[in-house]
Amino acid sequence: MATSEISKRSVVDISFMGLRSSIGVIFIVAGMSKLSNPGFGGFLSSLGMPAEMQVPIALAELIPGILLIIGVLSRLSASLLSIIMLGAIFLVKEAQSLTGDGGYRIDLILLAACLVIIAGGPGRVSLSHIVKKLPRCLH
């Protein structure tokens, strides 16, 4: 029975690490593409936002993505990414259609994954668990 419990814990910890890593990589790639794409500023202007928001939006995806992968401030990072996903669903895609062109299904999946990270934390395979200097609520 003890072996079964250890095995279940390990699977859960590895699952959280996999979830954090995959979401982190997705947002790092998205943030890098927004930083290097000069057309993104024009896209923001067409939405009624200032083009100067290109860098803050890109960094708001890039930095939390990195933090998710290493497992530091995972809940705060996932919270920020959840806000970005809500903006993508309601501001950019206007929540018109779940599927098809302009569908927000992928954004909804990313939002759900971020909410799981907020609820579950980083897991034990993370830098914050190893260091243990941060308050648990910030893990």
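What you see is a predicted model; the values in this text were computed from it and never measured.

A. A look at helix α2 (residues 39-46). Along α2, the residues classified as buried are Phe40, Gly41 and Leu44. Down the axis of α2, the buried set is contained in an arc of 105°. They therefore lie on one face. Of the residues trailing α2, glycine 48 is marked for its positive phi of about 90°.

B. Looking closely at helix α5 (residues 105-120). When the terminal C-alpha atoms of α5 are compared, their 22 Å separation across 16 residues agrees well with the 22 Å that a helix rising 1.5 Å per residue should span. Inspection of α5 places Asp107, Leu110, Leu111, Ala113, Cys114 and Ile117 among the buried residues, and these make up the whole buried set. Mapping the buried residues of α5 onto a view down its axis gives an arc of 160°, with all of them on the same face. Among the exposed residues of α5, those pointing more than 90 degrees away from its buried face are Ile109 and Ala119.

C. The arrangement of the side chain of aspartate 13 in detail. Mapped onto the elements of the fold, aspartate 13 is located in helix α1 (residues 2-36). Here aspartate 13 falls in the buried class, since its relative accessible area comes to 11%. Among the polar contacts made by the side chain of aspartate 13, one reaches the side chain of arginine 124 at a distance of 2.7 Å.

D. Expanded view of the packing of helix α4 (residues 74-92) against α5. At a minimum axis distance of 8 Å, the contact between α4 and α5 shows a crossing angle of 155°. Relative to α5, the element α4 is oriented roughly antiparallel. You can see that α4 and α5 cross each other, and the crossing is left-handed. The segment α4 lies against α5, with Ser74, Arg75, Ala78, Ser79, Leu81, Ser82, Met85, Leu86, Ala88 and Ile89 engaging Asp107, Leu108, Leu110, Leu111, Cys114, Leu115, Ile117, Ile118, Ala119 and Gly120.

Procedures and definitions
- Residues numbered from 1 in each chain as written.
- Predicted model: local features only at pLDDT ≥ 70, side-chain atom pairs only at ≥ 80, totals over all residues.
- Heavy atoms only, no water.
- Buried < 20%, exposed > 50% of the residue type's maximum accessible area, 1.4 Å probe, protein only.
- Helix = DSSP H or I, 4+ residues; strand = E, 2+ residues; numbered from the N terminus.
- Arc of directions from axis to C-beta.
- Expected span 1.5 Å × (residues − 1).
- Polar contact = N/O pair within 3.5 Å; in protein donor to acceptor, adjacent residues only side chain to side chain.
- Axes fitted to C-alpha atoms, helices over the stretch in contact; angles between N-to-C directions.
- Parallel < 35°, antiparallel > 145°, perpendicular 65-115°, else oblique.
- Left-handed = near helix turned anticlockwise from the far one by under 90°.
- Contact = heavy atoms within 4.5 Å.

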